[in-house]
Amino acid sequence: MSAPTGVEITGPMNDRYDEILTDDALALIADLHRRFEPRRQELLAARKRRQEEIAAGADLDFLPETKAVREDPDWRVAPPAPGLVDRRVEITGPTDRKMTINALNSGAKVWLADFEDANTPLWENMIEGQLNLRDALDRTIDFTTPEGKSYALKDDAELATIVVRPRGWHLDEKHILVDGQRTSGGIVDFALYFFHCARRQLAKGKGPYFYLPKMQSHLEARLWNDIFVRAQESLGIERGTIRATVLIETIPAAFEMEEILYELREHSAGLNAGRWDYLFSIIKTHRTRGRDFLLPERNAVTMTAPMMRAYTELLVKTCHKRGAHAIGGMAAFIPSRRDPEVNKVALAKVRDDKTREAGDGFDGSWVAHPDLVPVAMEVFDGVLGDRPNQIDRQRDDVSVTAADLLDVSTAEGGVTEGGLRNNINVAIQYLAAWLGGSGAVAIHNLMEDAATAEISRSQIWQWLHNDVTLDDGTRVTAELVERLIGEELATIRETTSLDADLLDRATSLFKEVALADDYVDFLTLPAYERMP
């Protein structure tokens, strides 16, 4: 196909891809790349410098240079946009055709249409996901299973509001080159959706809305804001039409919540407590800082741990102070049609989790499965009633210090062989599915995404490098981990239908990111290079 000057498509042009990869859409990508790619690279370099400072003993703290922003009582974010006023239940998931229809029909108020952690950046996933979103807005989408079950959209008034999550700043798109350079995955995802769907959304009385992942500073938020301004100018769309909710899912960002809202204030739709990635970030950021930053095994760390309470309470207080929505975390449970006892226990946990969030002042929360929408809705209905949100509930009672956010050592729980095995088992299963093109994977009745594998491999890396012993006195060594990998791999082969070659590749990748002395910032970086 022809493309604008300097733009090269290296991925296959499958059926209908030309409807998304149009000259004008690619021209927008090229313009944003040429203007903003140098800043993206500068910000990624700044992340590395900050990490080196922390490794050398510096502690994270609230920034003295932005104190005036935090102490100015007068500024507020933009008022909630149409379709984002009531967000009491949001559902997340990738943008395949079946999920697109099911999520929009789920009864949730918002669908996080995911090009990031619940997706894999396979070329086909990225472009066909854009097609599915456009088709959904045009109401030309449908899906029929091989067994003959059909899926179709309900009336527009019953559909969830689409909020797209592009990839984070660290990820490239290797199939679209501008002037010979790889493009930013996040800019590509944003630009293609914005170009094709912004006016379609406006025609439906809503707008182009986004979730922004993995940010580590307010300067990264400023970059997104500048991209929004340029994109709106380019398409002749009024400035401030875009709205973006930022996931506070890295511990550096937890110290800059107000500044992030401030940078995006004309485009801000609030903050979200991305709990699993937040735990991953705690481990990653402090992996060389010794036992003060050792977390117990993943399943032992709950949202009632002191540092997690500090993080979520500060998020609610910050958002409501500035007129923004505070959105709670994920309920990852997948209901079982075969085991009512599993359902009963899990639904009770979901209810407790959502009850805590609604009671703390969150304006909504996430679920991963349509069957969880009713229980989450019931909990938030009980607190909100007829009100669309509780932004007016100020949390002046909350006072959180830097020490509170860094209080990792008081998290209760230990490290067991069962926890170590679970980290290995879940990570290998997830990576096998990821390499095969699936980013949202059902494992042991939980919907797992990339954050799961990140926590699992990071915990093992941290335990290996801090001479951790299991509760039975066994020291965690590379030899022990290698032996358990072999045993868990055999179990996976016996109990699942995962492809043998994908399991071998997943195991090799897992060893690389869990056992190597050099810690890889994101396992999706080497994993992406293993993809076509």
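So, here is what we can say about the structure in this document. (Residues numbered from 1 in each chain as written. Predicted model: local features only at pLDDT ≥ 70, side-chain atom pairs only at ≥ 80, totals over all residues. Heavy atoms only, no water.)

1. Quick notes on the environment of S336
Right, so step 1: As for its position among the elements, S336 is in the loop between strand 12 (326-331) and helix 12 (340-360).
Right, so step 2: The spacing of S336 and N445 is 109 residues in sequence and 7.3 Å in space, taken between C-alpha atoms.
Right, so step 3: Setting aside its immediate chain neighbours within four residues, S336 contacts N343 and N445. (Helix = DSSP H or I, 4+ residues; strand = E, 2+ residues; numbered from the N terminus. Contact = heavy atoms within 4.5 Å.)

2. What about the packing of helix 4 (residues 97-105) against helix 5 (residues 123-138)?
Right, so step 1: For the pair helix 4 and helix 5, interaxial distance at closest approach is 10 Å and the crossing angle is 40°. Put simply, helix 4 runs oblique to helix 5. When the axes of helix 4 and helix 5 are compared, the crossing they make is right-handed. Here R97, T100 and L104 of helix 4 come into contact with helix 5, specifically with N132, D135 and A136. (Axes fitted to C-alpha atoms, helices over the stretch in contact; angles between N-to-C directions. Parallel < 35°, antiparallel > 145°, perpendicular 65-115°, else oblique. Left-handed = near helix turned anticlockwise from the far one by under 90°.)

3. Some remarks on the pattern of salt bridges
Side-chain pairing between opposite charges can occur once the charged atoms of the two side chains come close.
Right, so step 1: In this structure the tally under the stated criterion is 58 salt bridges.
Right, so step 2: For D31, the salt bridge goes to R35, with nearest N and O atoms at 2.9 Å. Residue D31 and its partner R35 are both found in helix 2 (residues 23-55); the two are separated by four residues, about one turn of the helix.
Right, so step 3: Residue R47 is joined to E220 by a salt bridge in which the shortest nitrogen-to-oxygen separation is 2.8 Å. With R47 in helix 2 and E220 in helix 7 (residues 218-235), this residue pair connects regions lying 173 residues apart in the sequence.
Right, so step 4: Overall, R47 belongs to the buried group, its relative accessible area being 11%.
Right, so step 5: Look at E220 and you get buried, because its relative accessible area is 2%.
Right, so step 6: Among the ionic contacts, a cluster of salt bridges with common partners joins R275, R309, E313, D353, K354, R356, E357, D360, R395 and D397. (Salt bridge = Lys/Arg side-chain N within 4 Å of Asp/Glu carboxyl O. Buried < 20%, exposed > 50% of the residue type's maximum accessible area, 1.4 Å probe, protein only.)

4. Side note on the packing of helix 17 (residues 478-495) against helix 18 (residues 500-515)
Right, so step 1: Running from N to C, helix 17 and helix 18 cross one another at 155°; their axes reach a closest spacing of 12 Å. When the interaxial angle is binned, helix 17 and helix 18 end up roughly antiparallel. Seen from above, helix 17 lies across helix 18 with right-handed handedness. Across the interface between the two elements, V481, E482, I485, L489, I492 and R493 from helix 17 touch A500, L503, D504, T507, F510, K511 and L515 from helix 18.

5. Remarks on the sheet that holds strand 7 (residues 172-178)
Right, so step 1: In space, the three strands of this open sheet follow the order 1-7-8, with antiparallel pairing throughout. Edge positions in the sheet fall to strand 1 (7-9) and strand 8 (181-184), since each of these pairs with one other strand and no more. Direction aside, neighbouring strands of the sheet carry axes that sit 55° apart on average.
Right, so step 2: Pairing geometry for strand 7 and strand 8, over four bridges, is antiparallel. By the bridge assignment, L177 is partnered in strand 8 with R182.
Right, so step 3: The sheet contacts of helix 2 involve strand 1, strand 7 and strand 8, and relative to strand 8 the element is tilted by about 95°.
Right, so step 4: Across the sheet, helix 6 (residues 185-203) is in contact with strand 7 and strand 8; its angle to strand 8 comes to roughly 60°. (Pairing = 2+ DSSP bridges.)

6. Some remarks on the packing of aromatic side chains
Right, so step 1: Inspection of every chain in the model, using the stated rule, returns 16 aromatic pairs.
Right, so step 2: With centroids separated by 6.5 Å and ring planes inclined at 65°, the aromatic side chains of Y17 and W123 adopt a geometry described as edge-to-face. Taken as a pair, Y17 in helix 1 (residues 17-20) and W123 in helix 5 lie far apart in primary sequence, 106 residues in all. Like Y17, the residue W123 is buried in the burial classification.
Right, so step 3: Centroid distance F190 to W224: 6.0 Å. Interplanar angle 75°. Geometry classified as edge-to-face. Placement of the pair is F190 in helix 6 and W224 in helix 7, with a sequence separation of 34 residues. Of the two residues examined, F190 and W224, each falls in the buried class.
Right, so step 4: A connected cluster of aromatic rings, assembled from ring pairs, spans W169, F190, Y193, F194, F210, W224 and F228.
Right, so step 5: The positively charged end of K284 is found above the aromatic ring belonging to F522, 3.6 Å away from the centroid.
Right, so step 6: Seen from the ring of Y519, R457 lies directly overhead, with NZ or CZ sitting 4.3 Å from the centre. (Phe/Tyr/Trp six-rings, centres within 6.5 Å; stacked < 30°, edge-to-face > 60°. Lys NZ or Arg CZ within 6 Å of the ring centre and 35° of its normal.)

7. Concerning the side chain of K214
Right, so step 1: Here K214 lies in the loop between strand 9 (209-212) and helix 7.
Right, so step 2: A polar contact is formed between the side chain of K214 and the side chain of D277, at a distance of 3.3 Å.
Right, so step 3: Excluding its chain neighbours within four sequence positions, the residues that come into contact with K214 are R47, E116, D117, H170, E220, E249, T250, D277 and F522. (Polar contact = N/O pair within 3.5 Å; in protein donor to acceptor, adjacent residues only side chain to side chain.)

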